[in-house]
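Report on the structure
Here's the letter readout for the chains.
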Amino acid sequence: MASKVMAVERVLHMNGGVGETSYANNSLIQRKVLMRVRPILEESIKKMYCTNASTCLKVADLGCSSGPNAFLVASNVIDIVNETSRRLKIETPTFQFFLNDLFGNDFNSIFQSLPEFYYTLKQDTTCLINAMPGTFYGTLFPSNSIHFFHSSYSLHWLSQVPDLLSKEAKLSDDDKGNIYVTSTSPPSYAKQFKEDFTLFLRSRSRELVPGGGMLLAFIGRYDTSQNITAAGLFRMILNDMVLENLIEETKLEHFNVPVYVATADEVKEIIKEEGSFSVERLESIETSWDGSSLDDKGYESFKDDNERGKFVARYLRAVFEPLLKAHFGEGIVEEVFLRFQNKVVQLLPKLVYPTLVISLTKIA
Ligand SMILES: C[S@@+](CC[C@H](N)C(=O)[O-])C[C@H]1O[C@@H](n2cnc3c(N)ncnc32)[C@H](O)[C@@H]1O
């Protein structure tokens, strides 16, 4: 068991650096979500800060990755707190931010951009950025030490691939080319999500100060319709490549993406059962794979569906390339993402999913 956990922790990371295929240059979708969630962030931060005005506010962003989004959260929080302090006529606090991600994350790029970020801050703002590498499924901080946790687009990643050797979890032949996630998808994924999310909540509730808050946004699924996921689309493409003898079948059989997309009800139920948090808000934000051509400061505009397909394939490459490379080798990567782009163009109108946004307060 322990060795499998270690494997996901070691292999999972987004494409580092600042090159063409990097996460830093291909995270506009996630940026747009951060912008859309900002009013809820504002509400949660204000609620937490009005009961916990401290001289040093400690905030952690869990699953920060690298690139501009890692700093966007910090600057949003700073703006909201400074504004609230002015309104309450209290001194603005010192901010201590902890940027967390797995060990393979490109923390070096973050450190290199720090001077630029510090430069953007107003002179009267003191902000200290720290890195905290490690899995958020477990202890990351001392008890009662953090005021606010934020996590965006990270909690659909599981701590490990569930035990697919068990009979119930094995993919049937029909499933191999299936792009949909349905209620009949392997139940061990739902079980793993429940275990992971429960551990996440328990760990955060220990680490938060009384009255501390948390804002989580991650990919979910609708409970009525069939949902197409990136992992499902990869499986279909890879299955085609097996049929064309471009990939060995046994390689595909052992390729499992450690991602689970939960329904809002599943998430609500787990939070209730775990018992440490009250839910202030739980919303589903409909999100299209192409960010419905973005803007609202998500930028980019596309001339046609081919461009949209290219855009989607590029940002999903920044997320999934390391996993695919580690399992199948570098040779197949270009071909997989070319096919991925074409599939996206065909399926575009169906490619929507809910982003689950949850605002929580620790029950004292
Ligand atoms: C798609 S990125 C999101 C990055 C950023 N929050 C954003 O909104 O752009 C997801 C990140 O979650 C991280 N992640 C996944 N599982 C994790 C875990 N168990 N502990 C810490 N980070 C994790 C991944 O390494 C990845 O960098």
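Residues numbered from 1 in each chain as written. Predicted model: local features only at pLDDT ≥ 70, side-chain atom pairs only at ≥ 80, totals over all residues. Heavy atoms only, no water.

1. Some thoughts on the overall build of the protein
From N to C terminus, the protein includes 11 helices and 9 strands. Of the contacts made within the protein by residues no fewer than 6 positions apart, 84% connect residues no fewer than 24 positions apart. Of the accessible surface of the protein, which amounts to about 16700 Å², a share of 52% is contributed by carbon and sulfur atoms. (Helix = DSSP H or I, 4+ residues; strand = E, 2+ residues; numbered from the N terminus. Contact = heavy atoms within 4.5 Å. Areas by Shrake-Rupley, 256 points an atom, 1.4 Å probe, with all protein chains shown as cover.)

2. Concerning the pairing of strand β2 (residues 94–101)
Counted residue by residue, β2 has 7 buried out of 8 residues, so it is predominantly covered. Looking at chain direction, β2 and strand β3 (residues 127–133) are connected through 7 bridges and run parallel. Residue pairing for β3: D101 is matched across the bridge by P133. (Buried < 20%, exposed > 50% of the residue type's maximum accessible area, 1.4 Å probe, protein only. Pairing = 2+ DSSP bridges.)

3. Here's the deal with unusual backbone geometry
Glycine aside, a negative phi is what most residues show, and trans is what most peptide bonds show. The residue K89 is not glycine, and still its phi comes out positive at about 55°. Summarising the element assignment, K89 is placed in the loop between α3 (68–88) and β2. By relative accessible area, which is 74% here, K89 ends up exposed.

4. Brief notes about the nonpolar core
Inside soluble globular proteins, nonpolar side chains tend to come together where they are buried. Counting 76 residues, the largest nonpolar core has L238, W289, F320 and F340 as its most contacted members. At 10 residues, helix α10 (residues 305–328) tops the list of elements feeding residues into this core. Residues F136, Y189, M214 and I358 belong to the second largest nonpolar core, which totals 30 residues. (Core = buried A, V, L, I, M, F, W, Y, C linked by side-chain atoms within 4.5 Å.)

5. Let's talk about the confidence of the model for the protein
On average, residues of the protein score 83 in pLDDT, and 84% of them reach the 70 mark or higher. The low-confidence segment residues 1–6, where pLDDT is below 50, has 6 contacts with residues more than four positions distant or belonging to other chains. (pLDDT = per-residue confidence, 0-100.)

6. Section: the sheet that holds β2
With mixed pairing, 7 strands are arranged side by side in an open sheet as β3-β2-β1-β4-β6-β9-β8. Only two strands of the sheet have a single partner each, and these edge strands are β3 and β8 (277–288). On average, adjacent strands in this sheet sit at an angle of 15° to one another, irrespective of strand direction. Pairing between β8 and strand β9 (residues 352–362): 11 bridges, direction antiparallel. Each residue of the ladder has a partner; that of E286, found in β9, is P354. Seen against the sheet, α3 touches β1 (56–62), β2, β3 and β4 (146–152) and runs at an angle of roughly 155° to β2. (Axes fitted to C-alpha atoms, helices over the stretch in contact; angles between N-to-C directions.)

7. Considering the environment of I40
Inspection of the secondary structure puts I40 in helix α2 (residues 28–51). Linking I40 and V357, residues 317 residues apart in sequence, is a C-alpha distance of 8.5 Å. Leaving out residues up to four positions away in the same chain, I40 has contacts with L215, R281, E283, V357 and S359.

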